[in-house]
Amino acid sequence: MGGGSSLGPLIDGAPVCPLTSTMALQQAQMLLSMNSLESVNAGVQQNNTESFAVALCHLAELHAEQGCFAAASEVLKHLKERFPPNSQHAQLWMLCDQKIQFDRAMHDGKYHLADSLVTGITALHSTEGVYRKAVVLQAQNQMTEAHKLLQKLLIHCQKMRNTEMVISVLLSVAELYLRSSSPTIALPVLLQALALSKEYRLQYLASETVLNLAFAQLILGIPEQALSLLHMAIEPILADGAVLDKGRAMFLLAKCQVASAASCDPPNKTEALEAAIENLNEAKNYFAKVDCKERIRDVVYFQARLYHTLGKTQERNRCAMLFRQLHQELPAHGVPLIDHL
């Protein structure tokens, strides 16, 4: 390939990040291999094309989604060498880099840092920048401002026929309603997102929508139906989803198990709570892979309550201590219960 850093293992298919979705990784590597073959067949250097840059950016994002930040950095390093800042297509890796930094800041609860990155993202891609600004506002509990921004963005994306962003915005709007304890208002928005996801065969967005529908049912007090719906979505998420989404799915599964156990007799209730704790451990491991301290805090809070119910004092105290440590490190925005997915 040439260039200062070697991406040979990535193109040859070596598992740089074993967590990365096999199918997604193969697709990105296929694009890179095809481009490399074109340069060989043409007898000239051809791999400074836009499609090559797009494929590498996608590869970087895939690794970042799975918590493989070193691999993502290596891909970005190569992009910077092959496409210097003032060259054509450099904006592609610049946007990719900013988005990865933004996501890491959000995961770490550093909303002010994430907000400071919005300006740069907006300069490179105005629609993406507005969407990210709404995400920050929502995380900071500025719900009214976030809702106004999302509504404007939704109208714009519908006019531009940017279907993927339309669905992402619909999901964010629904999440606002869910966090405001208005699941009945969120349901039609989620059904609209699901219809679009299926129409355009966007499986990852369809799975995320089903996850939110299950959460809405949990809030509505029908955890058994939420569990049934969740089982439809969880397999593709665990197989091909981002690590954060895997953690969210396992966390929601545990919440549904606990809610369903409320009406069980003592032996079955104990069994259900212990199963929920195991799922919470799995969720915590996923969140740890992407340094998502805020969600780890929520998990250990929930675990502490379950251990207390089961009379396991030592385990409860360990979780409570970790919760307190994380709660002091992170920005406070109310007691974490079941208010968000």
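Up top you'll find the structure we're talking about.
Residues take numbers from 1 onward in each chain, read along the sequence in its written order. Local features in this predicted model are restricted to residues whose pLDDT is 70 or higher, and side-chain atom pairs enter the listing and the counts only when it is 80 or higher, whereas totals over whole chains, interfaces and linings include all residues. To get the side-chain values, all heavy atoms of the structure are used, and hydrogens and water are removed first.

A. Broad picture of the overall build of the protein chain. To qualify as a helix, a DSSP run of H or I must reach at least 4 residues; to qualify as a strand, a run of E must reach at least 2; elements of each kind are numbered from the N terminus. Across its full length, the protein chain holds 16 helices and zero strands. The buried share of the protein chain, reckoned over its 341 residues, is 50%. By definition in these notes, contact holds between two residues if any of their heavy atoms fall within 4.5 Å. Within the protein chain, counting contacts between residues at least 6 apart in sequence, those at least 24 apart form 62% of the total. Reported accessibility uses the Shrake-Rupley method at a 1.4 Å probe radius. Residues are deemed covered only where the shown protein chains occlude them. Counting every atom, the protein chain has about 16,500 Å² of accessible surface; 55% of that belongs to carbon and sulfur. Relative accessibility under 20% of the residue-type maximum defines a buried residue, over 50% an exposed one, and the middle range a partly exposed one, all with a 1.4 Å probe and only protein chains included.

B. View of the packing of aromatic side chains. Geometry of aromatic contacts follows a simple scheme: Phe, Tyr and Trp rings, the Trp one being its six-membered ring, pair when their centres are within 6.5 Å, and the pair is stacked under 30 degrees between planes, edge-to-face over 60, tilted otherwise. For the structure on display, the rule yields two aromatic pairs. Where Phe251 meets Phe302, the ring centres are 6.0 Å apart and the plane angle is 70°; that geometry is what we call edge-to-face. Of this pair, Phe251 sits in helix 13 (residues 243–261) while Phe302 sits in helix 15 (residues 293–309), and the two are 51 residues apart along the sequence. The buried category is assigned to Phe251, whose relative accessible area is 5%. Considering the side-chain rings of Tyr301 and Phe323, the 5.2 Å spacing of their centres and the 50° angle between planes classify their relative orientation as tilted. Of this pair, Tyr301 sits in helix 15 while Phe323 is found in helix 16 (residues 313–329), placing the two residues 22 residues apart along the sequence. The residues Tyr301 and Phe323 share a single accessibility class, namely buried. Placement of a charge over a ring requires the Lys NZ or Arg CZ to be within 6 Å of the ring centre, with the centre-to-atom vector within 35 degrees of the ring normal. Sitting over the ring of Phe251, Lys255 keeps its end group 4.2 Å from the ring centre.

C. Quick look at the state of the cysteines. To count as a disulfide, a pair of cysteine sulfur atoms needs to be within 2.5 Å. Taken as a whole and judged by the stated rule, the model has zero disulfides. Free cysteine: Cys57, not disulfide-bonded; nearest cysteine sulfur from Cys96 at 4.4 Å. Of the residues examined, Cys57 reaches a relative accessible area of 7% and is grouped as buried.

D. Structural view of the nonpolar core. Ranked by internal contacts, the top residues of the largest apolar core, which has 92 residues, are Leu79, Val169, Leu252, Phe287 and Leu306. With 11 residues, the single largest contributor to this core is helix 9 (residues 163–179). Not counting chain neighbours up to four residues away, the residues in contact with Leu306 comprise Val258, Leu273, Ala276, Ile277 and Leu280. To define a nonpolar core, start from buried Ala, Val, Leu, Ile, Met, Phe, Trp, Tyr and Cys residues and group those joined through side-chain atoms within 4.5 Å. If you look at the next biggest cluster of nonpolar residues, it comprises 11 residues, including Ala114, Leu117, Val118 and Ala139.

E. Representation of helix 15 in the model. Expected span, for any helix, means 1.5 Å times one less than how many residues it has. Counted at 1.5 Å a residue, the expected span for helix 15 with its 17 residues is 24 Å, and the 24 Å between its end C-alpha atoms agrees. Two residues or fewer past helix 15, Gly311 is found with a positive phi of approximately 75°.

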